[in-house]
Amino acid sequence: MVTKPDVPADDPVKVAEFEARIANGESIEPKDWMPERYRKQLIRMMSQHAHSEIVGMLPEGNWITRAPSLRRKLSLIAKVQDEAGHGLYIYCGTETLGVDRHELVTQLLNGTAKYSSIFNYPTLSWADIGVIGWFVDGAAIVNQTVLAKASYGPYARAMIRVCKEENFHKRQGYEICSVLASGTPAQKAMVQDAVNRWWWPSLMMFGPSDKDSPNSADLLRWKIKRFSNDELRQRFVNLTVPQAMAIGLTLPDPDLRSDESGREWSFGEIDWTEFFEVVAGNGPCNKDRLAARNAAQNEGAWVRDAAEAFAAKHRERVAGAA
Ligand code: 3HC
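As a starting point, this report considers the structure included with it. (Residues numbered from 1 in each chain as written. Predicted model: local features only at pLDDT ≥ 70, side-chain atom pairs only at ≥ 80, totals over all residues. Heavy atoms only, no water.)

A word on the overall build of the chain. Assigned secondary structure in the chain consists of 13 helices and 2 strands. Considering only C-alpha atoms, the chain reaches an extent of 70 × 50 × 35 Å along its principal axes. In the chain, buried positions account for 48% of the 322 residues. For the chain, the proportion of contacts with a sequence separation of at least 24, taken over those separated by at least 6, is 77%. Of the roughly 15,500 Å² of accessible surface on the chain, 59% is carried by carbon and sulfur atoms. (Helix = DSSP H or I, 4+ residues; strand = E, 2+ residues; numbered from the N terminus. Buried < 20%, exposed > 50% of the residue type's maximum accessible area, 1.4 Å probe, protein only. Contact = heavy atoms within 4.5 Å. Areas by Shrake-Rupley, 256 points an atom, 1.4 Å probe, with all protein chains shown as cover.)

Printed below as a string of structure tokens:
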């Protein structure tokens, strides 16, 4: 299981050189020397990110066959395919740190690896697909545009590509919500219900509050994270409240208040008990998500076997020809 790194102390001279490179804003590349703790933190964070992308396909994939029009179906299929690509892309980035993706995938399948809590909630109506694009991908954009400046080169570069696609995801989601919000009363009620259900879990995507974030000190010091969990959460709230107002939807937080500028929004207390329960595996859909991933892994075994057999034959042919 990829857990918090307990690693032996590194050579202090090398650490000092490394810290100077970080302070200097340099990009750390796979073949560069890095503290073992830096490497382990990246494996932890990047593997969970990749797992999140893969599991994130499930709640939305649930609505591909029920999209209300061909146009909606096309954009949803494209989005779900993008998420798969993001997952594979970030697994590749994780492998540059010397870890094997099969080990990571095994940890996801046996329930010992984390993935984003947000994907453990059910998608109950078509409006959920719009709200996921708007809130969840919107939150991912806030987080990942900053990760595109992370000190570890492969991760930062992966984020540049990912963010371009996330922007499409958010726009198609917000358009679904704006159409429903200006539709029939039943459509408006459906999208308002989805907003009510997804708002607080979306704020939880940014992690626990800063005081309860054991990894942030490392990640901020080494410029993997450039802002804290609470800072990014606040940035997301400030961005999203005006968007909700613009399409006539309300957010389920009676404590939401703007400052005099109208740009900074204070908000109510997050239910951290719910957050830690979902992270611990006790959310509404945790068991379904792992069951679906394990079923897909088992049903796809023949593809892996066929690919392996083909590769072995190819190796024999090449060896025979040499
Ligand atoms: N869901 C599940 N676990 C979470 C979590 C969440 N929303 N937020 C935090 N955690 C876990 C952390 O993994 C950590 O556990 P660990 O030490 O066993 O790994 C623990 O809670 C304490 O949290 P920390 O704040 O100390 O952890 P981090 O410093 O890693 O911060 C994070 C958490 C902000 C999620 C950070 O890991 C991060 O930015 N990750 C990369 C981006 C990412 O994963 N985004 C979310 C999903 S991807 C997505 O949205 C796809 C899009 O296409 C829709």
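Take the packing of aromatic side chains next. This structure, assessed with the given rule, holds 14 aromatic pairs. Their ring planes at 80° and their centres at 5.6 Å tell us that Tyr 38 and Trp 222 sit as a pair that is edge-to-face. With Tyr 38 in helix H2 (residues 36–55) and Trp 222 in the loop between helix H9 (216–221) and helix H10 (229–246), this residue pair connects regions lying 184 residues apart in the sequence. We note that Tyr 38, like Trp 222, is buried. Geometrically, the ring pair formed by Trp 199 and Phe 236 is stacked, given 5.9 Å between the ring centres and 25° between the ring planes. On the criterion of sequence distance, the pair formed by Trp 199 in helix H8 (residues 185–204) and Phe 236 in helix H10 is long-range, its members being 37 residues apart. The ring of Trp 222 carries the charged tip of Arg 221 above its face, separated from the ring centre by 4.5 Å. Stacked on the ring of Phe 227, the Lys or Arg Arg 235 has its end atom at 4.4 Å from the ring centre. (Phe/Tyr/Trp six-rings, centres within 6.5 Å; stacked < 30°, edge-to-face > 60°. Lys NZ or Arg CZ within 6 Å of the ring centre and 35° of its normal.)

In terms of nonpolar packing, the biggest core is built from 77 residues, with Tyr 38, Phe 135, Tyr 152, Tyr 155 and Trp 198 touching the most fellow members. Per-element accounting of this core gives the leading share, 12 residues, to helix H6 (residues 126–147). Those residues in contact with Tyr 38 that sit more than four places away from it in its chain are Phe 18, Ile 22, Ile 28, Ser 151, Tyr 152, Trp 222 and Ile 224. (Core = buried A, V, L, I, M, F, W, Y, C linked by side-chain atoms within 4.5 Å.)

Right, let's talk about the layout of surface pockets for a bit. Picture a little ball the size of a water molecule; that probe, rolled over the atoms, points out where space is still empty. By volume, the second largest pocket amounts to about 370 Å³. For the lining of the second largest pocket, the secondary structure elements donating two or more residues are helix H4 (70–95), helix H5 (101–109) and helix H12 (286–299). A total of 6 residues in the lining of the second largest pocket trace back to one element, the largest contributor, which is H5. Here the lining of the second largest pocket is composed, by residue class, of 7 nonpolar, 4 polar and 3 charged. (1 Å grid on protein atoms, 1.4 Å probe; cavity = no way out; pocket = protein on both sides within 12 Å on 5 of 7 lines; lining within 4 Å. Points joined across faces, edges and corners; volume = space filled by probe spheres on them. Nonpolar A, V, L, I, M, F, W, Y, C, P; charged D, E, K, R; others polar.)

Mapped onto the elements of the fold, Gln 192 is located in helix H8. Of the polar contacts made by the side chain of Gln 192, one reaches the side chain of Asn 196; its length is 2.8 Å. Contact partners of Gln 192, with chain neighbours within four places excluded, come to Leu 249 and Thr 250. (Polar contact = N/O pair within 3.5 Å; in protein donor to acceptor, adjacent residues only side chain to side chain.)

The next subject is H12. Here H12 is 14 residues long and its end C-alpha atoms lie 20 Å apart, about the 20 Å a rise of 1.5 Å per residue gives. Among all positions in H12, only Asn 286, Arg 289 and Arg 293 are buried. Around the axis of H12, the buried residues are gathered within 70° of arc, so they sit on the same side. Those residues of H12 that are exposed and angled more than 90 degrees off the buried face are Lys 287, Asn 298 and Glu 299. (Expected span 1.5 Å × (residues − 1). Arc of directions from axis to C-beta.)

Attention shifts here to the site of the ligand. Near the ligand there are 34 residues, and of these Gln 48, Glu 83, Lys 114, Glu 166 and Ser 213 occur at the shortest range. Between Arg 44 and the ligand, the recorded distance is 2.9 Å, taken from a side-chain N or O atom to an oxygen atom. Note that a nitrogen atom of the ligand is positioned 2.8 Å from one of the backbone N or O atoms of Ser 117. Bound to the protein, the ligand loses 94% of the 1,000 Å² it would expose on its own. Of all the elements in the fold, those that place two or more residues in the shell around the ligand are H2, H6, helix H7 (153–181), H9 and helix H11 (272–282). Take the shell around the ligand: its biggest share by element is 6 residues, from H2. (Near = heavy atom within 4 Å.)

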